[in-house]
Structures are given as C-alpha cells and as structure tokens.
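# Observations on the three-dimensional arrangement
This is what each chain is made of:
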Amino acid sequence: MADAEATARLRAGRREEGAMRAAVMTGPGRLDVQEVELLPLAPGRIRVRTGATPFCATDVMNADGVFGKEPPTILGHASMGVVEELGPDVMGVRVGDRVVVHGTAECGRCFYCARGRTDQCSVIFDRPDGPPPVARLADGSIATAAGNVGGYAEVMSVDARQVVALDSRLSDVELGLLGCGVTTGLGSVFNVAAVVPGSDVAVVGCGQLGLWMIQGARLAGAGQIIALDPDAGRRDRAVKAGATAVLDPDEADPVEQVRALTGGYGVTYALEAAGPALAQRQAVLMTHRGGTTVLTGCEPLGAKLSLPQVPVALHGRTVVSSQNGRVRMHHDIPRYVRMLEDGRLDASLVVSAEFALDRVEDAMEAARTHRTVIGVIVPR
Ligand SMILES: [Zn+2]
Ligand SMILES: [Zn+2]
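Residues numbered from 1 in each chain as written. Chains lettered and ligands numbered in written order. Predicted model: local features only at pLDDT ≥ 70, side-chain atom pairs only at ≥ 80, totals over all residues. Heavy atoms only, no water.

- As named in an unreviewed UniProt entry, the protein is S-(Hydroxymethyl)glutathione dehydrogenase/alcohol dehydrogenase, taken from Pseudonocardia hierapolitana.
- As recorded by UniProt, the Cofactor (unreviewed entry) comment attached to the protein reads in full: "Zn(2+)". (UniProt positions renumbered as here; feature names shortened; annotations may be inferred.)

Here is the structure:
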C-alpha cells in the first residue's frame with residue numbers, strides 16, 4: 001500500500017491491519033499517545049500483543065531524551081505479552097506463547113554471547129544502522145522502539161531472541177517485571193556479587209531494583225541487610241522486603257552510619273541502585289577493605305564517576321557493574337518466576353500503581369516524583 005494512502009487511512013481514524021495505539025516520545029519530555037501502524041515483520045522478528053509494561057526510571061530518562069534516544073521512539077524497554085505473529089526465519093517461539101520480553105536480547109553467537117557475557121549482546125549494543133524501524137506514525141515518519149521493545153503500545157514488534165516463553169500462573173503485571181527490574185535486582189545479588197550466606201549487605205536506594213536486591217539478599221542468607229533511602233515510605237517497604245536496618249542517607253554521612261552498624265568495618269557487599277555518582281562513591285566506601293560494590297545506576301549520558309585511589313587500588317575493593325543482572329534469560333527467568341509463584345519473592349512490595357496507556361504521562365510523573373515505586377502500563 002502506498003504510504004500516502006496508509007497515512008490518509010490513519011488520519012481518517014479507520015483501523016486496519018497493523019494499526020495500534022502507542023506512547024511515542026516525539027521530543028525531549030514529550031510523550032504522545034497516538035495511533036500508529038506497525039511495520040511488516042522483518043526476518044527474525046515477532047509481533048507480541050502487550051500485556052503489561054513497567055514504567056521504570058530508565059524510561060523517565062529515555063522520555064527526557066538524556067539517554068541518547070532519537071525521537072520518534074516508542075518507549076517501554078521491557079515487557080510481556082502474547083505472541084500473535086511470527087516473521088520470516090523465526091525459531092523457538094510459537095503463536096499463542098505467553099512471553100517475557102527481556103530488556104536485553106541474547107543472540108548466543110556474537111563476540112559477547114560467545115564469551116558468556118550475554119548482558120552485552122551485540123544485538124542491543126552494536127547497531128551501526130541504529131535501532132530497527134518498528135512503526136509508521138500518522139505524519140509518515142518512522143518510529144523505533146526503546147530497548148528494541150516499545151512496550152507502551154498495544155502491540156510490540158520485537159526480536160525473537162529477546163523473549164522467553166513461559167507457562168506460569170503469575171499475572172501479566174508480575175510477569176512484566178521480569179524483563180528488567182527483577183532480573184537486574186536479583187542478578188546483582190546472585191550472579192554479580194554472588195553474596196555469601198551470613199555476610200553483611202548494604203542496598204543503596206530502595207526503588208524497585210533496591211527492593212528486589214533486598215529480597216535477593218534475604219534469599220541468599222545475608223547477615224545484616226542495611227537499606228538506605230531518603231524516602232520514609234520506601235524505607236518501610238525495605239523492612240517488609242527483609243532489610244534488617246534502614247538508614248536515611250540525608251540524616252548523617254551514610255558511610256559512617258553503615259560503619260557504625262558493622263563494628264566499624266563496613267559491609268562485604270554494597271549494592272547500588274540509586275543513580276547519582278555521589279551515591280555510587282558512598283557505596284564503594286561503605287564496604288570494608290576487600291569488599292565488593294555492584295553498580296546499576298546511571299545518570300544522564302556523559303556523567304562521570306570518580307573514586308579515591310587508595311580505598312580501591314590499595315585496599316582491595318572490587319567495583320563491578322550489573323547490566324540487567326548478567327542473567328542468562330532462559331536459565332534465570334524461569335527460576336525467578338518459580339520463586340515468585342511459590343511466594344519467596346513478593347511483587348506487591350514493588351508494584352504500586354497500574355495505568356491505562358492513555359495515562360502514560362501520569363505514570364511518568366509518578367515515576368519522576370517517586371510517588372510510585374513502579375507503575376505498570378496495562379494497554380488493554
Ligand atoms: Zn549476542
Ligand atoms: Zn528498566
């Protein structure tokens with residue numbers, strides 16, 4: 001069909017094959033819900049009817065344009081839904097499968113996947129031609145999708161290498177958390193820090209990642225779990241998640257507060273889920289000599305982290321990063337699902353609101369002002 005004809009149909013409000021509503025970032029801080037037309041599936045791609053997509057801090061930064069996303073782009077970088085159509089050359093997934101759409105693809109063949117570092121897969125990080133086109137807007141322009149997902153939409157076009165099919169009794173909202181929040185939080189504890197039972201852990205920041213880290217540390221058998229957040233409501237949630245002590249980092253030097261609780265030494269593991277470079281530096285310094293700090297947060301592109309040399313270079317501290325928890329999605333996600341199903345993990349501590357697609361701006365505002373821990377967009 002000619003582009004002009006498709007555009008005319010979209011403008012006339014008539015729905016045709018591929019028409020759907022999506023929240024499109026059309027410029028810094030501008031998020032418009034509009035009718036768009038999903039492009040035909042390229043080889044290796046599948047169409048997924050969206051069930052639930054969390055609105056996480058990364059999406060706020062994407063919406064603000066500080067993370068390098070070029071408009072127009074459909075936001076929502078991890079999601080879940082039901083497979084509706086397979087493009088050419090797709091294997092390993094069927095129409096009707098209920099799938100988690102993971103924030104990080106795993107091709108299994110690139111330089112990084114071959115070295116076991118699926119968290120750095122080239123399918124997401126090395127794209128000389130830019131992110132793949134996903135949908136056509138009414139004005140004829142072509143939209144991409146954040147994280148190659150675009151979950152703030154009724155339908156997603158995603159790479160078949162970034163979905164995990166599951167047979168689970170979890171709700172859509174719970175499963176939607178598996179593509180980024182649960183994996184980054186738990187993977188930081190189990191895969192990256194590899195917390196040893198009985199050792200002391202500090203969690204810096206008690207948003208959704210921090211709350212999953214606390215639950216993970218509890219499951220790992222940590223000794224003390226010291227949670228830090230300036231927000232009293234989030235500190236309450238941290239206690240419910242399993243924190244043994246909560247601290248307000250604005251009340252006194254957080255490093256000194258943590259040392260005071262650990263016989264003057266500091267913790268063995270500091271898990272950072274806050275974002276600001278100051279919080280990351282404090283996380284490193286609240287470990288004892290030889291301790292490990294896991295970083296997950298990011299400020300706008302170009303932000304820098306500086307660390308004092310002696311505590312790191314001479315005092316044996318390890319500083320590592322955790323991109324999506326370094327999970328292997330087909331191995332880790334089904335295990336995390338089982339832990340949610342049998343009640344060892346509690347999603348209700350993390351999810352604090354649900355929003356229809358038309359209320360995506362409210363979801364963004366709630367995330368920006370920390371009124372929600374995590375709001376979830378439910379497009380249907
Ligand atoms: Zn790969
Ligand atoms: Zn996320």
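### Regarding the sheet that holds strand S13 (residues 245–247)
- Pairing is parallel in the open sheet, where six strands are placed in the order S13-S12-S11-S14-S15-S16. Looking at which strands have only one partner, the edges of the open sheet turn out to be S13 and strand S16 (318–321). Taken over all neighbouring pairs, the strand axes of this sheet differ in orientation by 20 degrees on average, direction set aside.
- Where strand S15 (residues 287–295) and S16 come together, four bridges link them in parallel fashion. Each bridged residue has a counterpart across the sheet, and for threonine 292 the counterpart in S16 is threonine 318.
- Strand contacts of helix H10 (residues 277–285): strand S11 (201–204), strand S14 (267–272), S15 and S16, with the helix running at about 145 degrees to S15, the strand carrying the most contacts. (Pairing = 2+ DSSP bridges. Helix = DSSP H or I, 4+ residues; strand = E, 2+ residues; numbered from the N terminus. Axes fitted to C-alpha atoms, helices over the stretch in contact; angles between N-to-C directions. Contact = heavy atoms within 4.5 Å.)

### Digging into the packing of aromatic side chains
- Across all of its chains, the model carries three aromatic pairs by this definition.
- When the ring of phenylalanine 111 is compared with that of tyrosine 112, the centres are 5.0 Å apart and the planes differ by 70 degrees; the resulting orientation is edge-to-face.
- Taking 6.4 Å as the distance between ring centres and 40 degrees as the angle between the ring planes, the aromatic pair formed by phenylalanine 190 and tyrosine 336 counts as tilted. One end of the pair, phenylalanine 190, is in helix H6 (residues 181–193); the other, tyrosine 336, is in helix H12 (residues 329–341), with 146 residues separating them in the sequence. (Phe/Tyr/Trp six-rings, centres within 6.5 Å; stacked < 30°, edge-to-face > 60°.)

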